[in-house]
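Structure assessment
Letter by letter, the chains look like this.
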Amino acid sequence: PSNEPRRTVLRVPVRELPRECHLNQDYDPSTPADFAKVFCPGRAPVERAGPPPAPDGPEKFQKLIPLPVDGHFHKCCVCDDDLTADDCHYCSVSCRGFHARCLEGGDDATVEGWECTRSRVGDRTVSDEEDIATGANDDAVRESFGRYADLPAFASAVSVLGDVKSILDRLVRYEYGWVFAHPVDVSVITDYGALVSRPMDYATVAGMIDRGAYDPARYNFSSLDDLEKIVLQALVDVEQVFQNCFVYNTRGCQFYRAGEVQERKWTAYYDRHIGDRLTEGVRSALAHFRGACRAERAEKAQIRVVRVSKTSNTAVGVTVVDPTTMSLVKQYLSKA
């Protein structure tokens, strides 16, 4: 009817919306012709005349529709075999899962909300087997940053940077370090650049240290000398890795939790080897950066849809939403 309020139906590519819309499973079959239709609650679909109108504020309804998140990797973190529906025990805090036979001493998966020993202890401490050899990289770092050799704190800065590099090597080998070992492939994660302004990864930080590529001109802290600025840059870049993970991924999903695992382990190494060796100026500047990170996380902590690049083997999931009633009207996959 002409007096009926106009409804703009938003078509949203989905990956984290209801499961029947992804993983190439389609429980509501549709055809490419559906792209030429508008689905309305309680009525037959109508043919769309011309191009669809631009959505008005899709972020608004994305915040209002709770998206289910998968908080775990479905491989046993002990034996690396796939977990099955009848043999899986998931940690409530981390992204870890276990077979019953692989549960470690002290873990009681029958307790609701149990936290595995690896999360409760392993992530937060550094065992003797996991510890670094302090000073192992000093000679290489000393050569890379030799242009600063005349500065009074050169030996101290070299030692800190060398130990940061050693810690990064340990983090890569720790659980889920593979997630952060190398740059994100933006040809696959196509919306990454829209949310992350400074991509960073462990290999990039280690490479910057190896090449002596950190430049004190990057920071305009008059209270810090050049070596303090270089040390600060390396520490900020390590923590930028975790910040990017938390800004991009939905809170509680397996990759967000993987970032939490790695951040806790980094903190354990930092507290053991780095923090007490920093000057007050570097500690203060790093604390300021961490505060800014927390503020950014709070600002960007919103539910959203992840868009991935389309290949010949990938169907695009689409959800049709009535923005007036906030109801999901139709869900389907299409390769159109």
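These figures come from a predicted structure and were not determined experimentally.

1. A short note on the side chain of His99
Inspection of the secondary structure assignment puts His99 in the loop between β5 (97-98) and α2 (117-120). Excluding residues within four positions of it along the chain, His99 makes contact with Cys76, Cys79, Asp81, Asp82, Leu83, Asp87 and His89.

2. What to know about helix α9 (residues 280-300)
Between its first and last C-alpha atoms α9 spans 30 Å; for 21 residues at 1.5 Å apiece the expected length is 30 Å, and the two agree. Among all positions of α9, only Val282, Ala285, Leu286, Phe289 and Cys293 are buried. Angular distribution of buried residues about the axis of α9 spans 100°; they occupy a single face of the element. In α9, the exposed positions that point more than 90 degrees away from the buried face belong to Glu280, His288, Arg294, Ala298 and Glu299.

3. Here's the deal with the pattern of salt bridges
Tallied over the full model, the rule gives 19 salt bridges. In this structure, the salt-bridge partner of Arg277 is Asp163, at a minimum N-O distance of 2.7 Å. Here Asp163 lies in helix α4 (residues 154-173) and Arg277 lies in the loop between α8 (254-274) and α9, a separation of 114 residues in the sequence. When the shortest N-O distance is used, the salt bridge between Asp210 and Lys165 registers 3.6 Å.

4. A look at the nonpolar core
Within the largest apolar cluster, 61 residues are counted, with the highest numbers of intra-cluster contacts made by Phe145 and Leu235. Within the residue set of this core, elements represented by two or more residues are α4, α6 (202-211), α7 (226-248), α8 and α9. Leave out the neighbours within four places in its chain, and Leu235 touches Val164, Trp266, Ile274, Leu278, Val282 and Leu286. By size, the runner-up hydrophobic cluster in this structure holds five residues, among which are Ile189, Tyr192, Leu195 and Tyr248.

5. Things to note about the state of the cysteines
Following the criterion strictly, the structure yields zero disulfides and no others. In this structure Cys253 is a free cysteine whose sulfur lies 7.1 Å from that of Cys245, the closest cysteine sulfur available. In this structure Cys253 comes out as buried when scored by relative accessible area, which is 6%.

6. A short note on the packing of aromatic side chains
Counted by the stated rule, this structure contains 10 aromatic pairs. Taken together through their ring pairs, the aromatic side chains of Phe73, Tyr176, Trp178 and Phe255 make up a single cluster. The side chain of Arg290 reaches across the aromatic face of Tyr270, ending 4.9 Å from its centre.

7. Some words on the confidence of the model for the protein chain
Close reading of the predicted structure is inappropriate where its pLDDT is low. Residues with a pLDDT of 70 or more make up 69% of the protein chain, whose mean pLDDT is 78. Residue range residues 302-315 is modelled with pLDDT below 50. Its contacts to residues more than four positions away, or to other chains, number 42 contacts. Below a pLDDT of 50 lies the segment residues 322-327, which in the model reaches 12 contacts outside its immediate sequence neighbourhood of four places, other chains included.

8. Some details on the packing of α7 against α8
Between two packed helices, both the angle of their axes relative to each other and the distance between the axes serve to describe the pair. One way to put it is that α7 packs onto α8 with a least axis distance of 8 Å and a crossing angle of 160°. In terms of their interaxial angle, α7 and α8 are classed as roughly antiparallel. In this structure, α7 crosses over α8, and the sense of that crossing is left-handed. Listed contacts from α8 to Leu235, Val238, Glu239, Phe242, Cys245 and Phe246 of α7 are Phe255, Tyr256, Gly259, Glu260, Gln262, Glu263, Trp266 and Ile274. Here the contact of α7 with α8 is composed, by residue class, of nine nonpolar, two polar and three charged.

Rules and cut-offs
Residues numbered from 1 in each chain as written. Predicted model: local features only at pLDDT ≥ 70, side-chain atom pairs only at ≥ 80, totals over all residues. Heavy atoms only, no water. Helix = DSSP H or I, 4+ residues; strand = E, 2+ residues; numbered from the N terminus. Contact = heavy atoms within 4.5 Å. Expected span 1.5 Å × (residues − 1). Buried < 20%, exposed > 50% of the residue type's maximum accessible area, 1.4 Å probe, protein only. Arc of directions from axis to C-beta. Salt bridge = Lys/Arg side-chain N within 4 Å of Asp/Glu carboxyl O. Core = buried A, V, L, I, M, F, W, Y, C linked by side-chain atoms within 4.5 Å. Disulfide = S-S within 2.5 Å. Phe/Tyr/Trp six-rings, centres within 6.5 Å; stacked < 30°, edge-to-face > 60°. Lys NZ or Arg CZ within 6 Å of the ring centre and 35° of its normal. pLDDT = per-residue confidence, 0-100. Axes fitted to C-alpha atoms, helices over the stretch in contact; angles between N-to-C directions. Parallel < 35°, antiparallel > 145°, perpendicular 65-115°, else oblique. Left-handed = near helix turned anticlockwise from the far one by under 90°. Nonpolar A, V, L, I, M, F, W, Y, C, P; charged D, E, K, R; others polar.

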